[in-house]
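Coordinate inspection notes
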Amino acid sequence: MPTRFDPLRAWGSVTLAISGFGDGIELRPVLRDWIEFLGGRPGEIVYVDGGSSPSTVRRLTSMLDEGLIDRLELLTPGHFENHRDRCYIQEYRAGRLATLPYVMFIKMDTLPFRRGLDNWLAEDLAALDRPGVFSITHSHQDNPPLGRDGPYIVFDFTSLNYALMKRSVFDRAIEDQIGELVRSNFRGEYPAKIRTEEKFKRMLVEWLWHHQVLNHGLRTLGRAESIDYTINHINKRGRELLRIRRAFRARKGLDRYYDAPLYYRAPRGPILRFGRQIEAAVRTTRDRLLRTLGISSGPNAT
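Throughout what follows, the structure given in this document is the object of discussion.

Looking only at helices and strands, the protein features eight helices and 11 strands. For a compact globule of 302 residues, the expected C-alpha radius of gyration is about 19 Å, and the protein comes in at 21 Å, within 12% of that figure. When each of the 302 residues of the protein is scored for burial, the buried share is 47%. Summarising the internal contacts of the protein: among those between residues at least 6 apart in sequence, 76% fall at separations of at least 24. For the protein, the exposed surface amounts to about 15,200 Å²; the carbon and sulfur share of it is 51%. On the protein, the mean spot of the 47 positive side-chain charges and the mean spot of the 37 negative ones are 5 Å from each other.

Okay, structure coming up:
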């Protein structure tokens, strides 16, 4: 029988699971955005850091002291796991630290916004009880959609930028797909059945989820976006992310980004546009002059 949730307190059964490296001044404001998006502080917030510099560690421990984070896992920078190609270990660890029935994975370079739709989380948690539903993710997927299901777009891929699933489903997918690698403490061979390009192997958690969906005939759901509900992977950090965040929260220039695999970029104001036009004109004039003089302007110019 489907689980019933109090729409005003659904977040109490959710662990917010975050993994990152080198996050900075964006940590507090973006985390507060997610809490606002949820409608209340989730029952648990965990953060796994991959061996960042002391400045990031200070920010994280301060947030732990303030109660913004409940569980914090840190690595010494020289640790085996502190490697770009092994960031999947921290992503796995974030899920393993969760103690509540539902896990919501997020990244700190992904921005949420919600206005109204107060029942959204209760609806999404209930959707996880539907036969064949693996997770709720966001609608910005490089993988093409497979169809529609009410307010959702159907996919076969789950993004760590935003993913909501049952903790039991996460545990089963880990065991089914990479159980041996986990038991080797991630010192074993990369699972041969997880097929992807070499440069994408660091996305092991997302790929094992994808294989789990394909192997068991499952699907993922992404809530369709609008001016009142948007989740976008910005793929920026620090002050640049906060600058984009201001425009994102002001709902500026969003239409072309709804349900599209695009990083949101704030509209350029007239002064910035004019400056870029001048810069482009100067660059073109310079290149023409250099060609006239027989001088290369490329990266190997001497």
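From this point on, the discussion continues.
Glancing now at unusual backbone geometry. A positive phi is found at asparagine 235, a non-glycine position, where the angle reads about 60°. Residue position: asparagine 235 is located in the loop between strand E11 (229-233) and helix H7 (238-249).

Turning to the packing of helix H3 (residues 87-97) against helix H5 (residues 167-183), a few remarks are in order. One can describe the packing of H3 onto H5 by two numbers: an axis separation of 12 Å at closest approach and a directional angle of 135°. Taken together, the axes of H3 and H5 are oblique relative to one another. When you trace H3 past H5, the crossing you get is left-handed. Between H3 and H5, the residues in contact are Tyr92, Gly95 and Arg96 and Phe170, Asp171, Ile174 and Val182, respectively. Per-class residue counts for the contact of H3 with H5 are four nonpolar, one polar and two charged.

With that settled, consider the packing of helix H1 (residues 27-38) against H7. Relative placement of two packed helices is described by the angle separating their axes and the distance separating the axes. One can describe the packing of H1 onto H7 by two numbers: an axis separation of 11 Å at closest approach and a directional angle of 30°. Here H1 lies roughly parallel to H7, going by the angle between them. Residues Pro29, Val30, Asp33 and Glu36 of H1 touch H7, and the partners they reach there are Leu241, Leu242, Arg245 and Arg249. Looking at the contact of H1 with H7, its residues break down into four nonpolar, no polar and four charged.

Tracing the backbone through its elements, the reader meets arginine 172 in helix H5. Distance in space between the C-alpha atoms of arginine 172 and glutamine 212 is 9.2 Å, their sequence separation being 40 residues. Aside from chain neighbours lying at most four places away, what touches arginine 172 is Gln212 and His216.

Conventions we followed
Residues numbered from 1 in each chain as written. Predicted model: local features only at pLDDT ≥ 70, side-chain atom pairs only at ≥ 80, totals over all residues. Heavy atoms only, no water. Helix = DSSP H or I, 4+ residues; strand = E, 2+ residues; numbered from the N terminus. Rg over C-alpha atoms; globule rule 2.2 N^0.38 Å. Buried < 20%, exposed > 50% of the residue type's maximum accessible area, 1.4 Å probe, protein only. Contact = heavy atoms within 4.5 Å. Areas by Shrake-Rupley, 256 points an atom, 1.4 Å probe, with all protein chains shown as cover. Lys, Arg positive; Asp, Glu negative; His and termini not counted. Charge placed at Lys NZ, Arg CZ, Asp CG, Glu CD. Axes fitted to C-alpha atoms, helices over the stretch in contact; angles between N-to-C directions. Parallel < 35°, antiparallel > 145°, perpendicular 65-115°, else oblique. Left-handed = near helix turned anticlockwise from the far one by under 90°. Nonpolar A, V, L, I, M, F, W, Y, C, P; charged D, E, K, R; others polar.

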